[in-house]
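Letter by letter, the chains look like this.
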Amino acid sequence: MKPAMSSNRLDIRPAPGLMDTLDEQPLDPMLMVLHLLRSDPRPNKIDLGIGVYRDNTGCTPILQAVKSAERHLVETQTSKDYLSPEGDAGFVAALAPIVLGDGIGGETIWGMQTPGGTGALRLAAALLHRTNPECRVWIGTPGYVNHAMLMQAAGLEVVDHPFFDKPSQTLLFDAMMSALHEVRRGDAIVLQSGCHNPTGVEFSHDQWRDLAAFLNDRGVVPVIDMAYQGLGAGLDEDAWGLRHVLDHVPEALVCVSGSKNFGLYRDRVGALWVQGTNAGSVRRARTNLNLMARTLWSMPPDHGAAVVRTILDTPALAAQWRAELETMRLRIAGLRHDLATAVPEFETVKTQSGMFSLLPLDRDQVTWLRIEHGIYMVESGRINIAGLNEGNLPVFANALRSVL
Ligand SMILES: Cc1ncc(COP(=O)(O)O)c(C=O)c1O
């Protein structure tokens with residue numbers, strides 16, 4: 001007779017493990033849209049959800065300048081040896097004038113490569129926490145969902161302040177400034193320069209001036225995020241606020257993404273600059289950033305940054321990239337104009353810029369658009385303008401009118 005062991009074994013239930021202590025997490029709202037979109041069999045569904053640029057055929061193209069730079073790299077690259085936690089210094093040097101302009105530089109500002117804008121934000125948060133664990137980070141609402149999560153991931157406390165009123169589509173500058181009166185010296189604030197995600201609104205030059213003076217006066221460190229440079233009003237204009245703030249505060253962190261304006265989303269291209277009061281403080285920040293990058297991702301991926309460096313260091317490719325970026329920018333501006341003309345109730349879409357607008361729709365209207373018309377957007381009403389095209393814009397406009 002066989003021992004009863006085998007059946008006993010079946011009876012043994014494993015004790016709860018570490019993973020059993022975890023709470024189930026909700027899907028990110030963006031991934032939720034993607035999931036629903038992918039399981040919708042309707043051929044004419046319209047994707048205005050995920051934040052990637054699309055051309056008139058609905059594709060997210062690889063830029064010609066990128067293709068040429070990649071060919072050049074394949075032919076000439078001789079090693080895939082490690083670089084360093086700081087990444088490709090040539091990439092940072094080539095990008096600096098585009099981001100910072102010609103007037104900002106010297107030994108009180110220093111930059112490094114990061115895995116995307118997300119990496120730059122995460123590292124900026126880690127640095128803030130290291131300099132001042134009590135630092136609270138002010139973030140405007142509605143804002144980019146990942147900002148708060150990234151700051152909290154580094155152990156920082158997040159405080160909301162008003163930024164935008166969805167029903168009236170207005171930037172709440174006065175309400176924001178009055179909320180900011182509660183800041184403490186050493187707090188930080190996340191600001192987006194150009195093409196605000198999710199609202200598409202931008203501070204006026206006067207508002208940037210007031211804000212910079214206030215931050216300087218109250219000792220608040222700006223963390224300036226620029227993820228869509230060149231897709232709003234142009235490369236220099238989108239960076240106007242960023243450059244003005246850097247000129248008027250002693251310390252700041254600048255987080256940049258190359259995902260959208262170089263179309264290098266999956267290659268994870270980004271950079272972080274730190275501005276300090278003197279060369280010594282920037283050097284100290286640099287050594288700390290190196291150490292922290294080492295424990296977060298060790299070294300950033302090389303390929304995308306090498307592509308950007310190659311483009312910017314080759315005058316013909318740089319000119320081609322600027323032209324391709326301008327084509328994307330103008331297409332988005334044209335779609336904004338066409339949508340506002342087709343649905344005059346949403347005429348503010350025309351005054352906003354960049355890839356996103358936060359339409360004054362409630363959750364029921366968004367759900368209705370999805371179920372009845374196969375139109376996908378984030379639950380908040382955020383749409384990716386670049387998801388529109390000649391074919392689907394009239395369909396979207398009709399559907400919008402039907403829910404108003
Ligand atoms: C406002 C903002 N900041 C940062 C990022 C992060 O960009 P990346 O994909 O380069 O990490 C995004 C991406 O959507 C964004 O919208």
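S.K.: What exactly am I supposed to notice about the site of the ligand here?
M.R.: As a matter of local geometry, the ligand sits amid 14 residues, with Thr 118, Asp 225, Tyr 228, Ser 257 and Ser 259 nearest to it. Within the contact set of the ligand, an oxygen atom lies 2.5 Å away from a side-chain nitrogen or oxygen of Thr 118. Between Tyr 228 and the ligand, the recorded distance is 2.6 Å, taken from a side-chain N or O atom to an oxygen atom. Protein coverage of the free-state accessible area of the ligand, which is 390 Å², stands at 91%. Considering each element in turn, the shell around the ligand owes the most residues, four residues, to helix α5 (residues 116–131).

S.K.: Would you take a moment to explain the nonpolar core for this structure?
M.R.: Nonpolar side chains tend toward joint burial in soluble globular proteins. Leu 95, Trp 273, Ile 311, Trp 321 and Phe 396 are the most contacted members of the largest nonpolar core, which has 95 residues in total. Two domains share this core, each providing at least three of its residues, namely domain 1 (26–62 + 318–403) and domain 2 (82–313). The contact partners of Trp 273, leaving out residues within four places of it in the chain, are Val 92, Leu 95, Ala 96, Val 99, Leu 100, Ile 109, Trp 110, Gly 111, Ala 252, Leu 253, Val 254 and Val 256. Counting 31 residues, the second-largest nonpolar core is a separate cluster that includes Ala 126, Ala 188, Val 282 and Met 292.

S.K.: I keep staring at the state of the cysteines and nothing clicks. Help me out?
M.R.: Among covalent bonds in proteins, the disulfide is the one between the sulfur atoms of two cysteines. A complete count under the given rule lists zero disulfides for this structure. As a non-bridged cysteine, Cys 195 has Cys 255 as the owner of its nearest cysteine sulfur, 16 Å distant. Given the relative accessible area of 1%, Cys 195 is considered buried.

S.K.: Mind showing me how you'd approach the sheet that holds strand β4 (residues 157–162) here?
M.R.: Whether parallel or antiparallel, the strands of a sheet pair through hydrogen bonds between backbone atoms. A sheet is described by the order of its strands in space; here seven strands give the open sequence β2-β10-β9-β8-β7-β3-β4, paired in mixed fashion. One side of each edge strand has no neighbouring strand; the edge strands of this open sheet are β2 (109–115) and β4. If you compare each strand with its neighbour and ignore which way they point, the axes differ by 25 degrees on average. Here strand β7 (residues 188–192) runs beside strand β8 (residues 221–226); their pairing, made up of five bridges, is parallel. For Leu 191, the partnering residue across the bridge sits in β8 and is Ile 224. Sitting on the sheet, helix α4 (residues 89–100) is in contact with β2, β8, β9 (252–257) and β10 (269–275), with an inclination near 70 degrees to β10. In this fold α5 packs onto β2, β3 (136–141), β7, β8, β9 and β10, with an angle of close to 160 degrees to the strand it touches most, β9.

S.K.: Would you explain the domain arrangement of the protein in this entry?
M.R.: How big an interface is tends to be expressed through the accessible area that disappears when the partners come together. Domain annotation for the protein reports domain 1 (26–62 + 318–403) and domain 2 (82–313). The interface is formed by 24 residues belonging to domain 1 together with 27 residues belonging to domain 2. For the pair domain 1 and domain 2, the summed buried area comes to about 2,300 Å², and 62% of that belongs to carbon and sulfur atoms. Going through the elements one at a time, α13 (315–342) and β11 (356–358) are the ones with two or more residues in the side of domain 1 that touches domain 2. With seven residues, α13 is the largest single contributor of residues to the side of domain 1 that touches domain 2. Taken together, the residues that form the side of domain 1 that touches domain 2 break down as 13 nonpolar, eight polar and three charged.

S.K.: Looking at this structure, how should I read the pairing of β3?
M.R.: Each regular strand displays side chains that alternate between the two surfaces of the sheet. Burial runs high along β3: five of the six residues are buried. Sheet topology note: the β3/β4 ladder contains six bridges and is parallel. By the bridge assignment for β4, Gly 140 is matched with His 161. Two strands pair when backbone bridges link them, and β3 and β7 are joined in this way by three bridges, in the parallel orientation. Residue pairing for β7: Trp 138 is matched across the bridge by Ile 189.

What counts and how
Within each chain, residues carry numbers counting from 1 in the order of the written sequence. Reporting in this predicted model follows two pLDDT cut-offs: at least 70 for local features of residues, and 80 or more for side-chain atom pairs to be given and counted; totals over whole chains, interfaces and linings ignore these cut-offs and use all residues. Only hydrogens and water are removed before side-chain values are computed, so all heavy atoms of the structure are retained for them. A molecule or strand has a residue near it when one of that residue's heavy atoms lies within 4 Å. Counted as a polar contact is a pair of N or O atoms within 3.5 Å, where, for protein atoms, one must be capable of donating a hydrogen and the other of accepting one, and residues adjacent in sequence contribute only when both atoms are in side chains. A 1.4 Å probe and the Shrake-Rupley method give the accessible areas. Residues count as covered only by the protein chains that appear here. Helix numbers and strand numbers start at the N terminus; a helix is a DSSP run of H or I with at least 4 residues, a strand a run of E with at least 2. Definition used in this section: a nonpolar core is a set of buried Ala, Val, Leu, Ile, Met, Phe, Trp, Tyr and Cys residues joined via side-chain atoms within 4.5 Å. A 1.4 Å probe rolled over the protein chains alone gives each residue an accessible area, and that area as a share of the maximum for its type sets the label: buried under 20%, exposed over 50%, partly exposed in between. The start and end points of each domain follow an automatic or database-based domain assignment. Two residues qualify as a contact provided that any one of their heavy atoms is within 4.5 Å of a heavy atom in the partner residue. Note on disulfides: each one is a pair of cysteine sulfur atoms within 2.5 Å. Two strands qualify as a pair provided that DSSP identifies no fewer than 2 bridges between them. Geometry is summarised by axes, namely lines fitted to C-alpha atoms with helices restricted to the contacting stretch, and by angles between N-to-C directions that run from 0 to 180 degrees. Here the buried area means the combined drop in accessible surface, using a 1.4 Å probe, for two parts upon being joined, counting both sides. Under this grouping Gly is polar, as are all residues other than the nonpolar Ala, Val, Leu, Ile, Met, Phe, Trp, Tyr, Cys and Pro and the charged Asp, Glu, Lys and Arg.

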